[in-house]
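Descriptive structure summary
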Amino acid sequence: MNRRMWSDLTLSIEPENRRDLLRVREGKMSFLKIYKFLLHGVLKLAGISPRTIEIEPGTIMNFWVPTETINNTNTKRKKPAVVFLHGFGFDGILTWQFQALALAKEYSVYVPDFLFFGGSITDKTERSVEFQAECMAKGLRKLGVEKCTLVGFSYGGMVGFKMAEMYPDLVESMVVTCSVMALTESISNAGLERIGFPSWADYLLPVSVKGVETLLQVATYSFPKLPNWIYKDILENIYLLWGQNDKIFDLGTARNLKQQIREKASLEYIEKSGHLVQLERPFVYNSHLKKILASLWSKEKSHATDAFPQPKKK
């Protein structure tokens, strides 16, 4: 990193956190902490900043949001909102880092942490998908999001489907990656059998370095070695974007999901990628995602033109 880049990064960090910047330079932080620290700086330079939202007393959610919404700056045109919902294992911004950076210029990008992940906490005992969906919707409303496209990965896809069911006025469309509508017993058992684990806790909550390595190897195709609802408008705008070699929710699961939503969803898969497709092949994933979002935005503008036709010139 050259001196200019380091200077820009330093200016993007809040004064109270610059002590950590010195720790980075002195080599006193772990690799992951250093990576997250630098990633957060790059995100801020790209116009995405963290914001904490109180959903209700005792329940707080962390969102990465367009910096312009925090500063209340006016933009020349209102960009469509895209909300990225993460799965188990990582927080929101680690899961969607490549997509957030790639789309921030053309879209209003929102990357939340689910409750019990990252910076989101609650004193409630509720653990259901419905509770996550309710809190997510409340948080987005407080951020001023009226309509959005949800991009849900794994567990995030399940929460996304529930949000679409509960809040059809909020969710305009969905892009679903390696997920299901609900984790039924049969789907759960089939997934565990494919990956060779007795329970999801054993897989998702490793207690050793080897366990973490296994988690990543199972969730990817070739991980690099390192030091019942019917909302027709929504159903017509669901896109399934899958890793071809997903061992947890395989292509058979994807095709079953496509049939569940009455064949109105499109299904695309990315070769040589597993469950963590957006991290494993980010450039290919981003290319597919950009095409999907562009088609959605084009369709929305077309509908707006049809609803409010321009007067003909005399």
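Since the model is a prediction, treat every value here as computed from it, not as a measurement.

**A word on the overall build of the chain**
Counting its regular elements, the chain contains 15 helices and nine strands. Out of the 314 residues in the chain, the part that is buried amounts to 46%. Total accessible area on the chain is roughly 17,100 Å²; 54% of this is exposed by carbon and sulfur atoms.

**Some thoughts on the side chain of S49**
Considering the arrangement of structural elements, one finds S49 in strand 1 (residues 48-56). Within polar-contact distance, the side chain of S49 engages the side chain of T67 at 2.7 Å. Not counting residues up to four positions away in its chain, the partners in contact with S49 are K44, F63, W64, V65, T67 and I70.

**Comments concerning the packing of helix 7 (residues 129-142) against helix 8 (residues 155-166)**
Each pair of packed helices gets described by two things: the angle between the helix axes and the distance between those axes. Close contact between helix 7 and helix 8 brings their axes to 9 Å; oriented N to C, the two are set at 70 degrees. Here helix 7 lies roughly perpendicular to helix 8, going by the angle between them. Residue-level inspection shows V129, E130, Q132, A133, E134, M136, A137 and L140 of helix 7 in contact with helix 8, the latter providing Y155, M158, V159, K162, M163 and M166. In terms of residue class, the contact of helix 7 with helix 8 is made up of 10 nonpolar, one polar and three charged.

**Focus on the nonpolar core**
Grouped together as the largest cluster of nonpolar side chains are 77 residues, with contacts concentrated most on F84, M163, L170 and W242. Beyond its immediate sequence surroundings of up to four residues, L170 is in contact with A137, L140, R141, V145, E146, K147, C148 and M163.

**Focus on the packing of aromatic side chains**
Summed over all chains, the structure comprises six aromatic pairs. Between the aromatic rings of W96 and Y285, the centroid separation amounts to 6.1 Å while the plane-to-plane angle is 50 degrees, which identifies the pairing as tilted. Of the two residues examined, W96 and Y285, each falls in the buried class. For the pair F114 and Y155, a centre-to-centre distance of 5.4 Å together with 75 degrees between the ring planes defines the contact as edge-to-face.

**Remarks on the pattern of salt bridges**
Under the counting rule described, the total for this entry stands at nine salt bridges. E56 is paired through a salt bridge with K124; the nearest N and O atoms lie 3.2 Å apart. Within this pair, whereas E56 is found in strand 1, its partner K124 is found in the loop between strand 5 (121-122) and helix 7, the two being separated by 68 residues in sequence. According to the relative accessible area criterion, E56 is partly exposed, its value standing at 23%. K162 serves as the salt-bridge partner of E130, at 3.6 Å between the closest nitrogen and oxygen. Taken together, the residues span a long stretch of sequence, with E130 in helix 7 and K162 in helix 8 at a distance of 32 residues. Using a relative accessible area of 36% as the deciding quantity, one classes E130 as partly exposed. Residue K162 is classed as buried on the basis of its relative accessible area of 17%. Ionic contacts of the salt-bridge type, sharing partners, join the residues E56, D123, K124, E134 and K138 into one network.

**Re a nonpolar patch on the surface**
A surface patch of nonpolar side chains, about 410 Å² in accessible area, is lined by F31, L32, Y35 and F98. Here the nonpolar patch takes three residues from helix 3 (residues 31-45), the largest share from any one element. Counting through the fold element by element, L32 comes out in helix 3. Judged by its relative accessible area of 47%, L32 falls in the partly exposed class.

**Some remarks on the pairing of strand 2 (residues 59-66)**
The buried fraction of strand 2 is high, at seven of eight residues. Alignment of strand 1 against strand 2, held across eight bridges, turns out to be antiparallel. Bridge assignment links R51 to a residue of strand 2, and that residue is F63. Hairpin connection of strand 1 to strand 2: two residues between the antiparallel strands, including G58 at a positive phi of 90 degrees.

**So, the environment of L192**
Mapping L192 onto the fold places it in helix 9 (residues 185-195). Looking at L192, the relative accessible area reads 9%, which means it is buried. Here the alpha-carbon distance between L192 and Y203, two residues 11 residues apart in the chain, equals 8.8 Å.

**A short note on the pairing of strand 6 (residues 148-153)**
Within strand 6, six of the six residues are buried, which leaves it mostly tucked inside the rest of the structure. The two faces of strand 6 match: C148, L150 and G152 on one face and T149, V151 and F153 on the other face are all buried. Across four bridges, strand 3 (residues 81-85) lies against strand 6 in parallel orientation. Note that in strand 6 the partner of V83 across the bridge is L150. Pairing geometry for strand 6 and strand 7 (residues 171-177), over six bridges, is parallel. Residue pairing for strand 7: G152 is matched across the bridge by V176.

About the cut-offs
- Residues numbered from 1 in each chain as written.
- Predicted model: local features only at pLDDT ≥ 70, side-chain atom pairs only at ≥ 80, totals over all residues.
- Heavy atoms only, no water.
- Helix = DSSP H or I, 4+ residues; strand = E, 2+ residues; numbered from the N terminus.
- Buried < 20%, exposed > 50% of the residue type's maximum accessible area, 1.4 Å probe, protein only.
- Areas by Shrake-Rupley, 256 points an atom, 1.4 Å probe, with all protein chains shown as cover.
- Polar contact = N/O pair within 3.5 Å; in protein donor to acceptor, adjacent residues only side chain to side chain.
- Contact = heavy atoms within 4.5 Å.
- Axes fitted to C-alpha atoms, helices over the stretch in contact; angles between N-to-C directions.
- Parallel < 35°, antiparallel > 145°, perpendicular 65-115°, else oblique.
- Nonpolar A, V, L, I, M, F, W, Y, C, P; charged D, E, K, R; others polar.
- Core = buried A, V, L, I, M, F, W, Y, C linked by side-chain atoms within 4.5 Å.
- Phe/Tyr/Trp six-rings, centres within 6.5 Å; stacked < 30°, edge-to-face > 60°.
- Salt bridge = Lys/Arg side-chain N within 4 Å of Asp/Glu carboxyl O.
- Patch = residues over 30% accessible without salt bridge, like charges linked within 9 Å, V, L, I, M, F, W, Y side chains within 5 Å.
- Pairing = 2+ DSSP bridges.

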